[in-house]
Amino acid sequence: MNTTSQRVLITGGAGFIGSHVVRRFVVNYPNYYIYNLDALTYAGNLENLKDIENQSNYTFIKGDITDASFIDFIFKKYNFDGVIHLAAESHVDRSITDPLAFVKTNVIGTMNLLNAAKELWKDDFTGKRFYHISTDEVYGSLGETGLFKEDTAYDPNSPYSASKASSDHFVRAYGETYGLPYVITNCSNNYGPNHFPEKLIPLFINNIIQNKPLPVYGDGKQTRDWLFVIDHALAIDLVFHKGKNHETYNIGGFNEWKNIDLVKLLCKLMDQKLNRKEGESEKLITYVKDRPGHDLRYAIDANKIKKELGWEPSVTFEDGLVNTIEWYLNNKSWLNNVTSGSYKDYYKKQYHLN
Ligand code: NAD
Ligand code: DAU
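Worth saying up front: this structure is predicted, and the values here are computed from it rather than measured.

Colleague: In this structure, what is going on with helix H5 (residues 159-178)? I would like to understand it.
Modeller: Think of an α-helix as 3.6 residues a turn; residues three or four steps apart then line up on the same face. Taking 1.5 Å per residue, 20 residues should reach 28 Å; H5 reaches 28 Å between its end C-alpha atoms and fits that length. For H5, the set of buried residues is Tyr160, Ser161, Ser163, Lys164, Ala165, Ser167, Asp168, Val171, Tyr174 and Gly175. Where the residues of H5 are buried, they touch helix H3 (92-97), helix H4 (99-121), strand E5 (129-135) and strand E6 (182-187). One or two positions beyond H5, positive phi appears at Gly179, with a value near 80 degrees.

Right, dumping it as structure tokens:
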């Protein structure tokens, strides 16, 4: 990829991972122009980008990727050279209650971006790149052993993962059919600062602070492979610049945890930070009804990106968790802002708990 000067569209840049990617690109590539396109849904928050919002190489565009004519308009207006596509509905539980919203944004929204990129670049694809950010959930669920590899068959189980799988297929199809230069990465569970508190780690940090129950789904034995968000942003930077066209790379933390073991570690670290007696936060653990279609285990084989691009996680899980906890304790107003209003209704409906 061209590293001189280019115009890069990052979608979903006001969300959790997107904000870390936008910051990394704005700061590390002062010769690029970074355009952050985000609809600012409940998950999008410009507070995440306060520190870089006035940089001269950064522009925020409020807009919805489901609006095809708006997407065509901005591609023509800004003449992007590259796209890093993160905008999505991202929460599995919400996909169970409202699957169509996931089809609209994750499938149709991705199609609109693909069409606009193909149209703008069709005369010469040289130096152009469409980078689609996807998830390991497209591979379905592992049993007790094995790892997801790039050639593992797709087998999505939730409306969220089905919509992401569908968008991955369309990206690949545009590469095969029209020659659109693309890369896809499928990443495991991220955690870190700015994570919306509907997901396990930030939800439980928030509940521990407030002495509220910690709703563990089912028996808590499901396993996830956790990666610090800054390491994901680093991988995205590498793949955008050095990944091969028409290739997929898996990204993971080499870091599997059963939910219940992770929750107990989190409780222990929170007790230390809050000067509570050891074991205090663990008392909040409450087993609740399982998530329908709950995948048992995700684990990534990230050896391809390690061997080909030299990437591997740099932050240990304990350091990453302590950093994350400290960020939430030091940013209570961020937490209060995102948990007021509609969050309260979501929480009541999802957990039947106050
Ligand atoms: P997020 O929910 O925190 O952020 C999504 C962002 O997209 C928000 O800023 C939201 O406003 C924006 N958005 C949603 N619908 C939009 C629309 N129609 N038009 C424009 N913008 C819209 O999500 P995240 O956790 O940061 O995930 C980002 C991407 O990474 C997603 O594609 C997700 O599938 C993928 N991913 C996430 C993880 C994870 O652990 N969080 C892991 C692997 C892959
Ligand atoms: O694997 C990558 C995926 O990781 C991303 O593609 C998704 O966008 C992201 O949301 C995440 O999906 P999960 O469903 O794994 O994440 P979540 O934080 O919702 O749940 C993690 C585990 O914790 C999962 O097994 C369900 C469980 N859980 C979750 C919540 C919110 C609970 O036990 N209780 C809860 O309240």
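That was the structure; now back to the text.
Colleague: Where do I start with the sheet that holds strand E9 (residues 223-228) in this structure?
Modeller: Either a parallel or an antiparallel arrangement is found when strands of a sheet pair, and the pairing is made through backbone hydrogen bonds. Taken in spatial order, the 3 strands make up an open sheet running E7-E9-E11, and their pairing is mixed. A strand with exactly one partner marks an edge of an open sheet, and here the two such strands are strand E7 (189-191) and strand E11 (256-258). Going across the sheet, the axis of each strand differs from the next one's by a mean of 50 degrees, ignoring polarity.

Colleague: Whenever I open this one, a nonpolar patch on the surface confuses me. Can you help?
Modeller: A cluster of nonpolar side chains, Leu100, Val103 and Ile108, forms an exposed patch at the surface whose accessible area comes to about 240 Å². Considering the arrangement of structural elements, one finds Ile108 in helix H4. Exposure remark for Ile108: the relative accessible area of 40% places this residue in the partly exposed category.

Colleague: What exactly am I supposed to notice about empty space enclosed by the protein here?
Modeller: A water-sized probe, rolled over the atoms, reveals where empty space remains. As enumerated under the stated definition, the model contains 1 cavity of 30 Å³ or more in all. Considering only enclosed or pocket space, the largest cavity measures out at about 40 Å³ in volume. The wall of the largest cavity is formed by Val92, Glu137, Ser158, Arg291, Gly293, His294, Asp295 and Tyr298. Here the lining of the largest cavity is built from residues that sort into 2 nonpolar, 3 polar and 3 charged.

Colleague: Could you clarify how one ought to interpret the pairing of E5 in this entry?
Modeller: Looking along a regular strand, one sees the side chains alternate between the two faces of the sheet. Counting buried positions over the 7 residues of E5 gives 7, a clear majority of the element. As paired strands, strand E4 (residues 82-85) and E5 are joined by 4 bridges and run parallel to one another. Bridged to His85 within E5 is His132. As judged from the 6 bridges shared by E5 and E6, these two strands associate in the parallel manner. Of the residues in E6, the one forming a bridge with Tyr131 is Val183. Taken together, E5, H5 and E6 constitute a β-α-β crossover, and its handedness is right-handed.

Colleague: Even after reading the chapter, I still don't get the site of ligand 2, so can you show me in this structure?
Modeller: Among the 26 residues in the neighbourhood of ligand 2, the closest are listed as Asp136, Tyr160, Arg291, His294 and Tyr351. Contact between ligand 2 and Pro215: a nitrogen atom at 2.8 Å from a main-chain N or O atom of the residue. For ligand 2, whose free accessible area comes to 690 Å², the fraction covered by protein is 95%. Secondary structure elements with two or more residues in the shell around ligand 2: H3, helix H6 (200-209) and strand E8 (214-217). The residue makeup of the shell around ligand 2, split by class, is 11 nonpolar, 8 polar and 7 charged.

Colleague: When you look at the site of ligand 1 in this model, what are you seeing that I'm missing?
Modeller: Every one of the 28 residues lining ligand 1 counts as a neighbour, but Ile17, Asp38, Ser90, Tyr160 and Lys164 are closest to it. At a separation of 2.5 Å, an oxygen atom of ligand 1 approaches a polar side-chain atom of Asp38. Within the backbone of Ala39, a nitrogen or oxygen atom sits 3.1 Å from a nitrogen atom of ligand 1. In isolation ligand 1 has 840 Å² of accessible area, and contact with the protein removes 96% of it. Looking at the shell around ligand 1, the elements with two or more residues in it are helix H1 (16-28), E5, H5 and E7. Per-element accounting of the shell around ligand 1 gives the leading share, 3 residues, to E5. For the shell around ligand 1, the residue count by class is 13 nonpolar, 12 polar and 3 charged.

Colleague: Looking at this model, I keep getting lost on unusual backbone geometry. Mind explaining?
Modeller: Negative phi is the rule for most residues except glycine; trans is the rule for most peptide bonds. With phi around 55 degrees, Leu40 is a residue other than glycine that occupies positive phi space. By the element assignment, Leu40 lies in the loop between strand E2 (33-38) and strand E3 (58-62). Phi angles above zero are rare outside glycine, and Asn194 is one such case at about 75 degrees.

Rules behind the numbers
- Residues numbered from 1 in each chain as written.
- Chains lettered and ligands numbered in written order.
- Predicted model: local features only at pLDDT ≥ 70, side-chain atom pairs only at ≥ 80, totals over all residues.
- Heavy atoms only, no water.
- Helix = DSSP H or I, 4+ residues; strand = E, 2+ residues; numbered from the N terminus.
- Expected span 1.5 Å × (residues − 1).
- Buried < 20%, exposed > 50% of the residue type's maximum accessible area, 1.4 Å probe, protein only.
- Contact = heavy atoms within 4.5 Å.
- Pairing = 2+ DSSP bridges.
- Axes fitted to C-alpha atoms, helices over the stretch in contact; angles between N-to-C directions.
- Patch = residues over 30% accessible without salt bridge, like charges linked within 9 Å, V, L, I, M, F, W, Y side chains within 5 Å.
- Areas by Shrake-Rupley, 256 points an atom, 1.4 Å probe, with all protein chains shown as cover.
- Salt bridge = Lys/Arg side-chain N within 4 Å of Asp/Glu carboxyl O.
- 1 Å grid on protein atoms, 1.4 Å probe; cavity = no way out; pocket = protein on both sides within 12 Å on 5 of 7 lines; lining within 4 Å.
- Points joined across faces, edges and corners; volume = space filled by probe spheres on them.
- Nonpolar A, V, L, I, M, F, W, Y, C, P; charged D, E, K, R; others polar.
- Right-handed = clockwise from strand over helix to strand, strands pointing away.
- Near = heavy atom within 4 Å.
- Polar contact = N/O pair within 3.5 Å; in protein donor to acceptor, adjacent residues only side chain to side chain.

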